[in-house]
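# Reading the structure
The primary structure of each chain is shown beneath.
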Amino acid sequence: MTWKYRGQITPETRLITVDMEITAVGEDATGRWAVAEATLWGDDTCVYRARGIGVRVL
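Below is a short write-up of the structure. What you see is a predicted model; the values in this text were computed from it and never measured. (Residues numbered from 1 in each chain as written. Predicted model: local features only at pLDDT ≥ 70, side-chain atom pairs only at ≥ 80, totals over all residues. Heavy atoms only, no water.)

### Some thoughts on the pattern of salt bridges
Quick note on the threshold: Salt bridges are counted wherever a side-chain nitrogen of Lys or Arg sits within 4 Å of a carboxyl oxygen of Asp or Glu. Three labels apply to residues, based on accessible area from a 1.4 Å probe with only protein chains included: buried if under 20% of the type maximum, exposed if over 50%, partly exposed otherwise in between. Think of it this way: any DSSP run of H or I at least four residues long counts as a helix, any run of E at least two long counts as a strand, and we number them from the N terminus.
Summed over all chains, the structure comprises three salt bridges. Taking the shortest distance from any N to any O, the salt bridge between glutamate 27 and arginine 32 comes out at 3.5 Å. Among the residues examined, arginine 32 registers a relative accessible area of 55% and is labelled exposed. In this structure, arginine 56 engages aspartate 28 in a salt bridge whose closest nitrogen and oxygen atoms are separated by 2.8 Å. One end of the pair, arginine 56, is in strand 3 (residues 45–57); the other, aspartate 28, is in strand 1 (residues 16–28), and 28 residues separate them in sequence. Overall, arginine 56 belongs to the partly exposed group, its relative accessible area being 37%. Here aspartate 28 falls in the partly exposed class, since its relative accessible area comes to 37%.

Here it is, written out as structure tokens:
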């Protein structure tokens, strides 16, 4: 996954933080999977929020 920002994160940003909370996990015939919600912070500002991010392990 590639995230691109247009001005929210700059060289002056002191701290970049990514928080991720896994909201569901499971397994089916294709393999294991997980779903999460994530936020990206630049200093004290929430720059990006993603809900329902999914990943599957094959």
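Next comes the rest of the description.
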